[in-house]
Amino acid sequence: MRRPAIEAAAIGAAEAGDMALVRRALARDPDACRAIIKTHNQRLYRIARGVVRNDAEAEDIVQEAYMRAFASLGVFRGEASLSTWLSRIVINEALGRLRKRKRIVAMPENPEAQIIRFPLNSTHLNPGDDPERTMAQRQILGLVERATDSLPDVYRSVFVARVIEGLSIEETADLLGVRPETVKTRLHRARALVRKALDDEIGPVLLDAFPFAGRRCERLTQAVMKRLGFES
């Protein structure tokens, strides 16, 4: 079987799996609802966090997005993947929060505001590492996070979708409602800005940013399941 045929078969199987899971969730199957939440928690949280730059607000956005999604699950027809459909809901919710924040907050941001750091993924830090190396890794991760957070909104959204989440140009364009050419232009600019920020400090860096701790994932899953009426 040729590669395009294999890829088409894989996509078809994934779409069929999405629809089967959606049908079970519509029938109020708690295992199906939990599977949807836990499968997509990491991506949705990182997309939300990339837009609003705040841990707690990102969690709240994802919760609200799940509630909207489950309330509208009956209209999901599988034209896009379930992941893309959910991501679109999350990013619309996150961008809505940004617009609301800009209307409400008239005062400039506090230049002394504390940067909220992500929990480090334990896979990035080997138990045998010495304290100096561990501290260096933490500092580098902090630089990557700050460089990403400092991007203007239009560039940050594209950067998170393409670089952090690994979406394709077409998926990112569909998610953000812009043309693929716009995604390419914004991504080029975003990468240049992040590279400059990092080069100014430590030179070229390649790190996996925006980890999603298992404890946070479980907490978010439990919160959504409770709001759906499955758990007390």
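In this text, all values refer to a predicted model and were calculated from it rather than measured experimentally.

Let's shift gears to the packing of helix H2 (residues 30-52) against helix H6 (residues 153-164). Contact pair H2 / H6: the axes reach a minimum separation of 8 Å and the direction vectors enclose 150°. One element, H2, and the other, H6, form an angle in the roughly antiparallel class. The two elements H2 and H6 meet at a crossing, and its hand is right-handed. Contacts from Arg46, Ile47, Gly50, Val51 and Val52 in H2 reach Arg156, Ser157, Val160 and Ile164 in H6. Its residues assigned to classes, the contact of H2 with H6 shows five nonpolar, two polar and two charged.

Right, let's talk about H2 for a bit. The largest bend in H2 comes to about 55°, at Asn41. One side-chain oxygen at the N-terminal end of H2 lies 2.9 Å from the backbone nitrogen of Asp31; it belongs to Asp29. Downstream of H2 by one or two residues, Arg53 has phi in the positive range, about 60°.

The subject of this paragraph is the pattern of salt bridges. As a working rule, side chains carrying opposite charge can pair if their charged atoms are close by. This structure, assessed with the given rule, holds 13 salt bridges. For Arg34, the salt bridge identified is with Asp31, shortest N-O distance 3.4 Å. You can see Arg34 and its partner Asp31 sitting in helix H2, three residues apart, about one turn around the helix. Where salt bridges share partners, they join Glu57, Asp60, Arg68, Glu93 and Arg97 into one cluster.

Conventions adopted
Residues numbered from 1 in each chain as written. Predicted model: local features only at pLDDT ≥ 70, side-chain atom pairs only at ≥ 80, totals over all residues. Heavy atoms only, no water. Axes fitted to C-alpha atoms, helices over the stretch in contact; angles between N-to-C directions. Helix = DSSP H or I, 4+ residues; strand = E, 2+ residues; numbered from the N terminus. Parallel < 35°, antiparallel > 145°, perpendicular 65-115°, else oblique. Left-handed = near helix turned anticlockwise from the far one by under 90°. Contact = heavy atoms within 4.5 Å. Nonpolar A, V, L, I, M, F, W, Y, C, P; charged D, E, K, R; others polar. Bend = angle between axes of the 7 residues up to and from the residue. Polar contact = N/O pair within 3.5 Å; in protein donor to acceptor, adjacent residues only side chain to side chain. Salt bridge = Lys/Arg side-chain N within 4 Å of Asp/Glu carboxyl O.

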